Amino acid sequence: FQRLRTGLLRSSSAIGEGITSIFTKRKLDDETLEELENVLIQADLGVATAMAITEALAKGRYGKDIAPEEVKTILASEVTKVLGPVAEPLTIDTSKKPFVLLVVGVNGSGKTTTIGKLAAKFRAEGKSVMMAAGDTFRAAAIEQLKVWGERTGTPVIARDVGSDAAGLAFDALKAAQEQNVDVLLVDTAGRLQNKAELMAELEKVIRVIRKVDPSAPHASLLVLDATTGQNALNQVEVFGRTAGVTGLAMTKLDGTARGGILVAISAKFKLPVHFIGVGEGIDDLEPFKAEDFAKAIAG
Ligand code: GDP
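Rules and cut-offs
Residues numbered from 1 in each chain as written. Predicted model: local features only at pLDDT ≥ 70, side-chain atom pairs only at ≥ 80, totals over all residues. Heavy atoms only, no water. UniProt positions renumbered as here; feature names shortened; annotations may be inferred. Core = buried A, V, L, I, M, F, W, Y, C linked by side-chain atoms within 4.5 Å. Buried < 20%, exposed > 50% of the residue type's maximum accessible area, 1.4 Å probe, protein only. Contact = heavy atoms within 4.5 Å. Salt bridge = Lys/Arg side-chain N within 4 Å of Asp/Glu carboxyl O. Helix = DSSP H or I, 4+ residues; strand = E, 2+ residues; numbered from the N terminus. Pairing = 2+ DSSP bridges. Right-handed = clockwise from strand over helix to strand, strands pointing away.

Where an unreviewed UniProt entry is consulted, the protein chain appears under the name Signal recognition particle receptor FtsY, with the organism given as Hartmannibacter diazotrophicus. Quoted verbatim from the Sequence similarities (unreviewed entry) field of UniProt, the annotation for the protein chain is "Belongs to the GTP-binding SRP family. FtsY subfamily."

See the structure below:
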């Protein structure tokens, strides 16, 4: 929580400072409500959420003096109302052997790093893990996954750069079945330069996985970079349609993050949020906790 809080400081301090400067010695009226709404929109919470929050705040308090601290408390509680229902742990159905977790997202969002952190987490829980280097487009991505494989003691199924990603996924799932592996983590490509091609590839990967196990993939985790702001909404839409996203992980909340976008995403898509990334290290993946996040945002 401390790291998240420090990380979210930029967005939260923008909101917190905004609230303090708006409401110090001023009433709750149309003017201050509009100023607050603008601060929340600036912080990426989205127009609909910003309006809902200011409405909730105005109810029963309109025309009265209100202390900045009270506004922050109400804001945190309203944000918790949005995030609470989507804060869901990722549950691994152990009857699936392997449980296939497809990991999708644009390049640079933190897919490979998140897979490495997840491998460490699952192994610490006593599960056997295998990784598939499904971003066959980039040599660096394959190499990086191998590094995470060594770091976490996890076997990595990889092929040469330029190989067919679906074929690789097929091989990896077969190998994971043969070796009775608990969790197979499948990395995927994320080049958005050619969106149609990328989406066709993802669809093919899923099709081929289903040929081996019709119930797979059992979860599809979309990794979002918190620093991309509004663009993340687009990514949820695009990957949600193609990759059947079942849950989200938001990375880089330790940096100059704009965590407010997660509130907008949750209000709009209501997809489960499983994890947050708070650093580049192996332990820097935390389960998503709505109340902590809301408090960090409210400043
Ligand atoms: P991919 O292209 O989606 O596989 O993204 P990578 O896993 O290669 O990550 C891109 C960069 O972001 C790397 O330099 C990672 O170390 C970094 N990164 C990933 N997650 C986090 C995070 O939670 N916090 C910080 N600060 N950096 C992260």
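Further remarks concern the nonpolar core. By size, the foremost hydrophobic cluster in this structure holds 77 residues, and its most contacted members are F23, L57, L184, F239 and I265. For L184, the residues in contact, after removing those within four places along its chain, are P98, F99, V100, L101, M130, M131, A132, A172, L173 and A176. Among the nonpolar cores identified, the runner-up in size contains 23 residues, and I92, F99, V183 and L285 belong to it.

The full count for this structure, using the stated rule, is 18 salt bridges. Residue D182 is joined to K97 by a salt bridge in which the shortest nitrogen-to-oxygen separation is 2.5 Å. Of this pair, D182 sits in the loop between α8 (165-178) and β4 (183-187) while K97 sits in the loop between α5 (68-83) and β1 (99-104), and the two are 85 residues apart along the sequence. Look at D182 and you get buried, because its relative accessible area is 18%. Among the ionic pairs, K127 bridges to E125, the shortest N-O distance being 2.6 Å. Judged by relative accessible area, which is 17%, K127 ranks as buried.

Our focus in this paragraph is the pairing of strand β2 (residues 129-132). The two faces of β2 match: V129 and M131 on one face and M130 and A132 on the other face are all buried. Pairing analysis gives 4 bridges linking β2 to β4, with the strands arranged parallel. Looking across to β4, one finds that M130 is bridged to L184. Inspection of the sheet shows β2 paired to strand β3 (residues 156-157) by 2 bridges, in the parallel sense. What sits directly across from A132, in β3, is I157. With respect to chirality, the unit in which β2 leads through helix α7 (residues 139-152) into the neighbouring parallel β3 is right-handed.

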